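Below, each chain spelled out in residue letters.
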Amino acid sequence: MCDLALATLLAEAFSDDGAVTPPIVQSSLFAFDSYESFAARMAGQSDAPIYTRVQNPTVAEFERLMARAEGVEAAVGFASGMAAISSVLLAFLRPGDRVACVENVYPDAFKFFELVARPFGIEVSYHPAAAFSDPDLLDGVKLAYLESPTSLLFAVMDLAKVAAHAKRHGTLTVIDNSWATPVLQRPAEAGIDIVLHSASKYISGHSDVVAGVVCGSAANMQAIRDLTLPLLGGKLAPFEAFLLVRGLRSLTARMRQHGETAALFVKRLGTLPCVRAIHAPDLGGRSGLLSVEFDDSVDIPALCDGLRHFRIGVSWGGYESLVMPAKAALAAGGAVNAARHFGHPEGLVRLSLGLEDAEDLWADFASAVSLAGGPG
Ligand SMILES: *Cc1c(COP(=O)(O)O)cnc(C)c1O
């Protein structure tokens, strides 16, 4: 696990009174005390905040910390992970462009490609994570949209290799790093151009925030700040930014705990005869999000209902442990359904292992599996 080098930044005083957490600057606008200073700001001669849709000091503090954590020049906060994803894609894609997207991408990113990008004339193709090692895959591709590990099935790719191929083809690389967080993986170090997060997950860490963030070069972040941040308007709010700064303080410690619990689950799940496959990558550390594929002996609804410490729900990355059965996602309505499109197995259950006692969680899970019919 890498040290985020946030300690120094976090220790910097935010104000003269020695406060160790940033103030929540709950102001929509920032007024100027002379015509000259206002005109200078409008002419771009200063970067003083002017309006919270584009700039806010509390949000800027979160952005500064995230840029440092991911090892890049700049970051832009957003109202949600999807606001971050759509604002990146619409900032850099134009009709006629081609996108290569990894298979088993986050379901709403898949929907964005199918229901927004495609009707706007952007061509999208989906490829297994391993296919991105092919030096020719990105020939003629404007943007590669990556997750490593991918959603639900957690396939990983060699990011340094993909970044090198992309550079040769002039392809912009974008990765959703929500699973790993900068604690487990810093894709910019491997040469990936843009790193984004659903900060609703591990960065917040407490299931009380919906937010997103995009990290990358100053030029790429400025392109977003000039175009899609102000014009789509999906900005991060000051209070959410404050909660995210709080989340960053405990991120490394939380990821360590999630990872230890995940390691215990992977080891013990491997001993259950009803387990067909475990999808749980180890990047030199694990997150708490993994999936298990059960054989037909396990009644999935009974398994979910037999759990006492785990709740049933979407999202992940908070204190509380959750299960998300693929069976329910497969049965969801709508013509565009990632689970059906990518053929997720009926017996697949995603686990978000929280911060509760690992032995309590395992005892609960093992007992629910055996109640659900699995030889346990
Ligand atoms: C949740 C999630 C998103 C979407 O983020 P929101 O904050 O819910 O908009 C994007 N990517 C991944 C991998 C996610 O799990």
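Up top you'll find the structure we're talking about.
The structure reproduced in this document is the subject of the present report. Source: prediction; values computed, not measured.

1. Side note on the pairing of strand 4 (residues 143-147)
Along strand 4, 5 of the 5 residues are buried, which leaves the element largely enclosed by surrounding structure. The pairing of strand 2 (residues 98-102) with strand 4 spans 3 bridges and is classified as parallel. Bridge pairing links Val 99 to Leu 143 in strand 4. Both strand 4 and strand 5 (residues 172-176) contribute to a ladder of 5 bridges, which runs parallel. Its bridge partner lying in strand 5, Leu 146 is registered against Ile 175.

2. Description of the packing of aromatic side chains
Aromatic ring pairs: the centre-centre distance and the angle between the two ring planes describe each pair. Under the counting rule described, the total for this entry stands at 14 aromatic pairs. A centroid spacing of 6.4 Å and a plane angle of 15° characterise the contact between Phe 239 and Phe 242, whose relative ring orientation is stacked. Here Phe 239 pairs with Phe 242, and both are found in helix 10 (residues 238-269), just 3 residues apart, close to one helical turn. Here the aromatic residues Phe 265, Phe 294, Phe 310, Trp 362 and Phe 365 are joined through ring pairs into a cluster of three or more.

3. What about the packing of helix 4 (residues 81-92) against helix 8 (residues 218-226)?
Two numbers describe how helix 4 lies on helix 8: the axes approach to 9 Å, and their chain directions differ by 95°. It follows from the interaxial angle that helix 4 and helix 8 lie roughly perpendicular. Listed contacts from helix 8 to Val 88, Ala 91 and Phe 92 of helix 4 are Asn 220, Ala 223 and Ile 224. The residue inventory of the contact of helix 4 with helix 8, partitioned by class, reads 5 nonpolar, 1 polar and no charged.

4. Details of the environment of Gly 247
Among the structural elements, Gly 247 can be located in helix 10. Each C-alpha atom, one on Gly 247 and one on Val 266, is 26 Å from the other, the two residues being 19 residues apart in sequence. Dropping the residues within four chain positions of it, Gly 247 is found in contact with Ile 203, Ser 204 and Arg 254.

5. A few points about the site of the ligand
Close to the ligand lie Ser 80, Gly 81, Met 82, Ile 85, Tyr 106, Ser 151, Asp 176, Ser 198, Ser 200, Lys 201, Ala 211 and Trp 316, which account for all nearby residues. Side-chain polar atom of Asp 176 to a nitrogen atom of the ligand: 2.5 Å apart, as the coordinates give it. Interatomic distance of 2.5 Å between a side-chain N/O atom of Ser 200 and an oxygen atom of the ligand. Relative to its unbound accessible area of 380 Å², the ligand is 88% covered by the protein chains. Element by element, the count of residues in the shell around the ligand is highest for helix 4, at 3 residues. Here the residues of the shell around the ligand sort into 5 nonpolar, 5 polar and 2 charged.

6. With respect to the pattern of salt bridges
Across all of its chains, the model carries 10 salt bridges by this definition. Close ionic contact of Arg 186 with Glu 189 constitutes a salt bridge, the shortest N to O distance being 2.7 Å.

Cut-offs used in this document
Residues numbered from 1 in each chain as written. Predicted model: local features only at pLDDT ≥ 70, side-chain atom pairs only at ≥ 80, totals over all residues. Heavy atoms only, no water. Buried < 20%, exposed > 50% of the residue type's maximum accessible area, 1.4 Å probe, protein only. Helix = DSSP H or I, 4+ residues; strand = E, 2+ residues; numbered from the N terminus. Pairing = 2+ DSSP bridges. Phe/Tyr/Trp six-rings, centres within 6.5 Å; stacked < 30°, edge-to-face > 60°. Axes fitted to C-alpha atoms, helices over the stretch in contact; angles between N-to-C directions. Parallel < 35°, antiparallel > 145°, perpendicular 65-115°, else oblique. Contact = heavy atoms within 4.5 Å. Nonpolar A, V, L, I, M, F, W, Y, C, P; charged D, E, K, R; others polar. Near = heavy atom within 4 Å. Polar contact = N/O pair within 3.5 Å; in protein donor to acceptor, adjacent residues only side chain to side chain. Areas by Shrake-Rupley, 256 points an atom, 1.4 Å probe, with all protein chains shown as cover. Salt bridge = Lys/Arg side-chain N within 4 Å of Asp/Glu carboxyl O.

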